[in-house]
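Inside the fold
Each chain is listed here by its residues.
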Amino acid sequence: MTKAPAYARLPPPAKAPGINRGLSLNRKGTVMTKVIFVGSVILLILSAGCANMTPTQQRVLSGGAIGAGGGAVIGALAGSAGLGAAAGAGAGLLGGLLYDQTQKSQ
């Protein structure tokens, strides 16, 4: 087998800019790290406050939270995460309340 001429050899591909720039434990102060930290603290505080809730309140709150999360993901794909979260939260609240009412009637 013969070696390719020097002009035919290609250099190794360069990494695309921005690759591996997401959430990293080595990087301090990234926006994503701050968002995750603040979100975790808020979730911890809110989950501690759910201990004295009635089952209806717990179902409505969890339905709203799940709906807001799902709506934010779908809204982000469609272009507006905030609007998706608001619509998802409303639908989740209603869904949680309806589920609670059906469970009480059985």
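The structure under discussion appears in the preceding block.
Here's the deal with the overall build of the protein
Each helix and strand counted, the protein has three helices and zero strands in total. The proportion of buried residues among the 106 residues of the protein is 13%. Taking contacts inside the protein between residues at least 6 apart in sequence as the whole, the part at least 24 apart equals 46%.

Digging into the pattern of salt bridges
What the rule picks out here adds up to two salt bridges. It is possible to trace a salt-bridge network through shared partners that takes in Arg59, Asp100 and Lys104.

Digging into helix H2 (residues 55-78)
In this model H2 runs 34 Å from its N-terminal to its C-terminal C-alpha over 24 residues, within 8% of the 34 Å that 1.5 Å per residue would give. Taken together, the buried positions of H2 are occupied by Thr56, Val60, Gly63, Gly64, Gly67, Gly71 and Gly75. After H2 finishes, the residue Gly79 shows a positive phi value of roughly 125°.

Quick notes on the packing of H2 against helix H3 (residues 81-105)
Put simply, H2 and H3 touch, their axes get as near as 6 Å, and they point 150° apart. Relative to H3, H2 is oriented roughly antiparallel. The crossing of H2 and H3 is right-handed. Taken together, the residues that form the contact of H2 with H3 break down as 11 nonpolar, 11 polar and three charged.

Description of a nonpolar patch on the surface
Residues Phe37, Val38, Val41, Ile42, Ile45 and Leu46 make up a contiguous nonpolar surface patch of about 580 Å² in total accessible area. Assignment of secondary structure puts Leu46 in helix H1 (residues 31-48).

Considering the environment of Leu94
Looking at the element boundaries, Leu94 is found in helix H3. Classification of Leu94 as exposed rests on a relative accessible area of 51%. Note: C-alpha distance between Leu94 and Val60 (34 residues apart in sequence) is 7.3 Å.

Observations concerning the side chain of Asp100
Of note, Asp100 is situated in helix H3. Residue Asp100 is classed as buried on the basis of its relative accessible area, which comes to 0%. Sequence-distant contacts of Asp100, that is, excluding residues within four places in its chain, are made with Pro55, Thr56 and Arg59.

Calculation notes
Residues numbered from 1 in each chain as written. Predicted model: local features only at pLDDT ≥ 70, side-chain atom pairs only at ≥ 80, totals over all residues. Heavy atoms only, no water. Helix = DSSP H or I, 4+ residues; strand = E, 2+ residues; numbered from the N terminus. Buried < 20%, exposed > 50% of the residue type's maximum accessible area, 1.4 Å probe, protein only. Contact = heavy atoms within 4.5 Å. Salt bridge = Lys/Arg side-chain N within 4 Å of Asp/Glu carboxyl O. Expected span 1.5 Å × (residues − 1). Axes fitted to C-alpha atoms, helices over the stretch in contact; angles between N-to-C directions. Parallel < 35°, antiparallel > 145°, perpendicular 65-115°, else oblique. Left-handed = near helix turned anticlockwise from the far one by under 90°. Nonpolar A, V, L, I, M, F, W, Y, C, P; charged D, E, K, R; others polar. Patch = residues over 30% accessible without salt bridge, like charges linked within 9 Å, V, L, I, M, F, W, Y side chains within 5 Å. Areas by Shrake-Rupley, 256 points an atom, 1.4 Å probe, with all protein chains shown as cover.

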